[in-house]
Amino acid sequence: DGYYHYELDKSVYPAYPFRMSARDAARFGLLFARNGMWGDERVLSEQWVVRSSALYSIDNDIMGYGFMWWVFLDPRFEPYGAYAALGVGNQMIAVFPKLDLVIVNRADTYVGEGTPPPDLMDLMQQILAARTGVPVAGADLSPLEVESDPLINRVPDERLAEFVGEWDYPAPPLGLPARTTVQITAGEGHLVGFAPVAGTFGLYLQEDGSFHEEDSRRRYVAIRSADGSFAGIADVTAIVTAAIAATARGDDDRAAALMAEVEADLSPRAEMGRAVIDLAGGDVESAEARIREIGETGDPARVEAEVNAVGYQLLQAGNTAQAVAIFELNTRVFPEAFNTWDSLGEGYMGQGRDDEAIAAYERSLELNPGNANAVEMITRIREGGE
């Protein structure tokens, strides 16, 4: 369940991303932990297992590299002959052949989650410390129970015909630059989408006309041209980005129409879009309440950064007043984040409010004395005023 991923500006050799269950990852690791044997059957030669997991180069004090395996040099794991396969988000299959042990780590990379390496290493150490005695003889593996996805469905093929083709992504009517293309094919009552970066996923047409993506469970909206013809798909991030751009142009009707496409979406990104539209409409209190809520329920650092990104989107669109309003809101919700004050300083500079810009940059420096940009901006303002 994977594909060849080429980035020819970096290498002629492709990566091969694929999706794998934790159990299948553990089986793969166990095959190596047992020197290529699966039960009484030899699947890999012992020589290949030894050669591929041997250390051929040293990357740092923690790990070196073999043939597609990272080899542990960390003294906590090296005595066990440990090596690991590492993937996106620090997903991992760690093999401890001297212990007949495999540790698998998974992360939800669909939403950008990853596991911090130091925390993962500490967890592995705790697992090893908790390992006592020998495995129970004749232990049974319990059946893997996977909850079915209620949105995976089938529809008549004639309902899918208009979606088949190669489309720019995000769809052009949104007015955003295309980042990639999506090839959509149909068969067996559903669609299959392929993007050069994301890979291949099943797409399932829902009653409301949206598409449900298998595995990642991401929702896409059908985007149509002015004549009503299908022009491609977009996710909530692209739609909210387009709505904010419409707000920056003063096209409130377009912004509202776009946000109506994600009315049922309660994700932080959708709430961010609603907050911007509230703010543009003069409802500062509602906008701030939305941002506070997603900051309290999500990762505050990520929320603060996303709000800042929205401010810069407005700033680059020439809507300095709304950008400053966003930056000011961000400093109220996240008053201890130096970056919010740094951005507010830039916004004030764009309005010619030099004294307030200096005060914002000075606050940023109080929170982070190493903020060289703040020092440079304060110097530039003061020199410009002389």
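See the structure printed just above.
Each value, and the rule that gives it
- Residues numbered from 1 in each chain as written.
- Predicted model: local features only at pLDDT ≥ 70, side-chain atom pairs only at ≥ 80, totals over all residues.
- Heavy atoms only, no water.
- Helix = DSSP H or I, 4+ residues; strand = E, 2+ residues; numbered from the N terminus.
- Contact = heavy atoms within 4.5 Å.
- Polar contact = N/O pair within 3.5 Å; in protein donor to acceptor, adjacent residues only side chain to side chain.
- Phe/Tyr/Trp six-rings, centres within 6.5 Å; stacked < 30°, edge-to-face > 60°.
- Buried < 20%, exposed > 50% of the residue type's maximum accessible area, 1.4 Å probe, protein only.
- Expected span 1.5 Å × (residues − 1).

Draft legend 1. View of the environment of Ile244. With respect to the helices and strands, the residue Ile244 is situated in helix H4 (residues 236–248). Taking the C-alpha atoms as reference, Ile244 lies 28 Å from Gly199; in sequence the two are 45 residues apart. The residues touching Ile244, leaving out its near neighbours within four places in the chain, are Arg269, Val276, Val310, Gln313 and Leu314.

Draft legend 2. Focus on the side chain of Asp74. Tracing the backbone through its elements, the reader meets Asp74 in the loop between strand E5 (70–72) and strand E6 (83–86). Here the side chain of Asp74 touches Arg76 through a polar contact of 2.9 Å, landing on its backbone nitrogen. Contact partners of Asp74, with chain neighbours within four places excluded, come to Asp61 and Ile62.

Draft legend 3. Summary view of the packing of aromatic side chains. If you walk through the whole model with that rule in mind, you get 18 aromatic pairs. Ring plane angle 75 degrees and centroid distance 6.3 Å describe the contact between Phe77 and Phe96, whose orientation is recorded as edge-to-face. Of this pair, Phe77 sits in the loop between E5 and E6 while Phe96 sits in strand E7 (residues 92–96), and the two are 19 residues apart along the sequence. Phe96 carries the same exposure label as Phe77, and that label is buried. When the ring of Phe163 is compared with that of Phe230, the centres are 4.9 Å apart and the planes differ by 80 degrees; the resulting orientation is edge-to-face. In this pair, Phe163 sits in the loop between helix H3 (117–130) and strand E9 (165–169) while Phe230 sits in strand E15 (residues 230–235), placing the two residues 67 residues apart along the sequence. The residues Phe163 and Phe230 share a single accessibility class, namely buried.

Draft legend 4. Here's a closer look at helix H1 (residues 22–33). End to end, H1 covers 16 Å across 12 residues, agreeing with the expected 16 Å (1.5 Å per residue, within 8%). All of the buried residues along H1 are Ala25, Gly29, Leu31, Phe32 and Ala33. Contacts from the buried residues of H1 go to strand E1 (37–38), helix H2 (46–52), E6, E7 and strand E8 (101–105). The positive-phi residue at the C-terminal boundary of H1 is Asn35, with phi of around 55 degrees.

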